[in-house]
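# Architecture and fold: a report
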Amino acid sequence: ATLRLAAGAVEVVACEPDFLEGPGTYTVSSDGRLAVTLSTEGFRRTFTTTGSLQSVFGGENTKRTSSVYEIPAGPIVLAGATDLLPSSGDTFVREGTVLVPEAAGLFGAGTRAAPAGSFSGRTGGATS
């Protein structure tokens, strides 16, 4: 995804696959951590593998396993430590964590931010 941050607001410029909804907000804490809050339509990816250690030479009929990774619809937070780009002095996040709200506490009465993935930042060309 490509995000534009300005004056506390976040604009989703591009996102592939298209699952982020803007506008959002961002804050920078006193210890230099950036937190971007956006809404999402949700995202689900299933990885399926075939074969196993016991059937290395098997074909499509061998044992299948799958894993599902999912970000539920609703708010997400992209959080990471800020750094300064040597070339321009602009604030930049090299790596961070994707956080989603998760029920916590007795009978799920409260919520906590649970990790749902990670992201890495990269610089792009200047836009106007």
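Structural data are supplied above this passage.
The residue numbering used here restarts from 1 in each chain and proceeds along that chain's sequence as written. Residue-level local features of this predicted model are given only where pLDDT is at least 70; pairs of side-chain atoms are given and counted only at 80 or more, and the full residue set underlies all totals for whole chains, interfaces and linings. Hydrogens and water molecules were not included; the side-chain quantities draw on all heavy atoms of the structure.

### As for the overall build of the chain
Cut-off, in case you're wondering: Secondary structure elements follow DSSP: runs of H or I of four or more residues count as helices, runs of E of two or more count as strands, with numbering from the N terminus. Burial classes: relative accessible area under 20% of the type maximum marks a residue as buried, over 50% as exposed, and values in between as partly exposed (1.4 Å probe, protein chains only). All accessibility values rest on the Shrake-Rupley procedure with a 1.4 Å probe; residue burial counts only the protein chains present in the view.
When helices and strands are counted, the chain shows zero helices and ten strands. When the helices and strands of the chain are placed in sequence order, the string is β-β-β-β-β-β-β-β-β-β. With 128 residues in all, the chain has 19% of them scored as buried. Accessible surface, the chain: about 9,100 Å² in total, of which carbon and sulfur atoms supply 52%.

### A look at a negative patch on the surface
Worth spelling out the cut-off: Only residues whose relative accessible area exceeds 30% and that take part in no salt bridge are eligible for patches, with like-charged residues grouped when within 9 Å of each other and nonpolar side chains (Val, Leu, Ile, Met, Phe, Trp, Tyr) grouped when within 5 Å. Between Lys or Arg on one side and Asp or Glu on the other, a salt bridge is scored when a side-chain nitrogen of the former is within 4 Å of a carboxyl oxygen of the latter. For this count, His and the chain ends are skipped, Lys and Arg are scored as positive, and Asp and Glu as negative. Charge positions come from single atoms, namely NZ of Lys, CZ of Arg, CG of Asp or CD of Glu.
Taken together, the side chains of Glu16, Asp18, Glu21 and Glu41 define an acidic patch exposed on the protein surface. Structurally, the position occupied by Asp18 is in the loop between strand E2 (9–14) and strand E3 (20–28). Accessibility expressed as a relative area gives 59% for Asp18, which makes it exposed.

### Focus: the nonpolar core
The criterion, for reference: Take the buried Ala, Val, Leu, Ile, Met, Phe, Trp, Tyr and Cys residues and link them wherever side-chain atoms come within 4.5 Å; each set so joined is a nonpolar core. In this description, contact between two residues means that some pair of their heavy atoms is separated by no more than 4.5 Å.
Leu20, Val36, Leu38, Ile71, Ile76 and Leu78 are the most contacted members of the largest nonpolar core, which totals 13 residues. Mapped onto this core, the elements with two or more residues apiece are strand E4 (33–40), strand E7 (74–84) and strand E9 (95–104). Apart from the residues within four sequence positions on either side, Val36 is in contact with Leu3, Leu5, Val10, Thr25, Tyr26, Ile76, Val77 and Leu78.

### Concerning the side chain of Thr40
As a reminder of what qualifies: N or O atoms within 3.5 Å of each other form a polar contact, as long as, within protein, one can give a hydrogen and the other can take it, and as long as residues adjacent in sequence are counted only when both atoms are side-chain atoms.
On the secondary structure map, Thr40 appears in strand E4. At 3.0 Å, the side chain of Thr40 and the backbone nitrogen of Gly42 are in polar contact. Contact partners of Thr40, with chain neighbours within four places excluded, come to Phe19, Leu20, Glu21, Ile71, Pro72, Ala73, Gly74 and Ile76.

### Description of the pattern of salt bridges
Considering all chains together, one arrives at three salt bridges under this definition. Linking Asp83 and Arg94 is a salt bridge whose minimum nitrogen-to-oxygen distance equals 2.9 Å. You can see Asp83 sitting in strand E7 and its partner Arg94 sitting in the loop between strand E8 (91–93) and E9, a full eleven residues away along the chain. Using a relative accessible area of 35% as the deciding quantity, one classes Asp83 as partly exposed.

### Some remarks on the pairing of E4
Put simply, the test is: Note: two strands are recorded as paired if DSSP finds a minimum of 2 bridges between them.
What you see with E4 is a clean split: Leu34, Val36, Leu38 and Thr40 sit on the buried side and Arg33, Ala35, Thr37 and Ser39 on the side with no burial. As paired strands, E4 and E7 are joined by eight bridges and run antiparallel to one another. Bridging from a neighbouring strand, Leu34 pairs with Gly80 of E7.

### Examining the pairing of E2
Bridging between strand E1 (residues 2–6) and E2 involves five bridges; their strand directions are antiparallel. Each residue of the ladder has a partner; that of Leu3, found in E2, is Val12. Hairpin connection, E1 to E2: the antiparallel pair is bridged by two residues, and Ala7 has positive phi, about 55 degrees.

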